[in-house]
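Remarks on the overall topology
Residues per chain are reported as follows:
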Amino acid sequence: MDFWRTDNDVDARHIVDRPWKVLAGGEPFDTAATYEIENPSTGGGLADAPDASAEEVDRLVRLAATAQPAWGR
């Protein structure tokens, strides 16, 4: 199958259908919820992406703020 084919009978899910994760401290961070990304050419599902809650975002921001000093080295 040609990766760049765009006709509507091609299901692109095999390309991106994998667990999508948020990374925190270099480790996968599981969110409680996900949402489906729609394939614009078919209207079908393409992949499921993390959907972080406000509490999860707060935790991720705190983790990033803690890690940030090391980024400047």
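Here's a quick rundown of the structure.

Calculation notes
Residues numbered from 1 in each chain as written. Predicted model: local features only at pLDDT ≥ 70, side-chain atom pairs only at ≥ 80, totals over all residues. Heavy atoms only, no water. Helix = DSSP H or I, 4+ residues; strand = E, 2+ residues; numbered from the N terminus. Buried < 20%, exposed > 50% of the residue type's maximum accessible area, 1.4 Å probe, protein only. Areas by Shrake-Rupley, 256 points an atom, 1.4 Å probe, with all protein chains shown as cover. Pairing = 2+ DSSP bridges. Expected span 1.5 Å × (residues − 1). Bend = angle between axes of the 7 residues up to and from the residue. Polar contact = N/O pair within 3.5 Å; in protein donor to acceptor, adjacent residues only side chain to side chain.

1. Re the overall build of the chain
The number of helices and strands found in the chain is two helices and four strands. Scanning the chain from its N terminus toward the C terminus, one meets helices and strands in the order α-β-β-β-β-α. Taking all 73 residues of the chain together, 16% fall into the buried category. When the accessible surface of the chain is split by element, carbon and sulfur atoms take 54% of a total near 5,700 Å².

2. Observations concerning the pairing of strand β4 (residues 45-51)
Two elements, strand β3 (residues 33-38) and β4, share six bridges in a ladder whose sense is antiparallel. Its bridge partner being in β4, A33 is matched across the sheet by D51. Adjacent in sequence and paired antiparallel, β3 and β4 are bridged by six residues, among which G43 carries a positive phi angle near 80°.

3. Remarks on helix α2 (residues 54-71)
Here α2 contains 18 residues, and its C-alpha end-to-end distance of 25 Å stays within 8% of the 26 Å for a straight helix at 1.5 Å per residue. Remark: the principal bend of α2, roughly 30°, maps to A65, with a proline, P69, within the next four residues.

4. Section: the environment of D30
Among the secondary structure elements, D30 is positioned in the loop between β2 (27-29) and β3. A residue is classified by how much of its surface remains accessible, and D30, at 52% relative accessible area, is exposed. Each C-alpha atom of the pair D30 and D51 lies 9.5 Å from the other, and the pair is 21 residues apart in sequence. A distance of 2.3 Å separates a polar atom in the side chain of D30 from a polar atom in the side chain of K21.

5. Section: the environment of E36
Following the sequence through the fold, E36 ends up in strand β3. Sequence spacing of E36 and P50 is 14 residues, and the spatial spacing of their C-alpha atoms is 9.0 Å.

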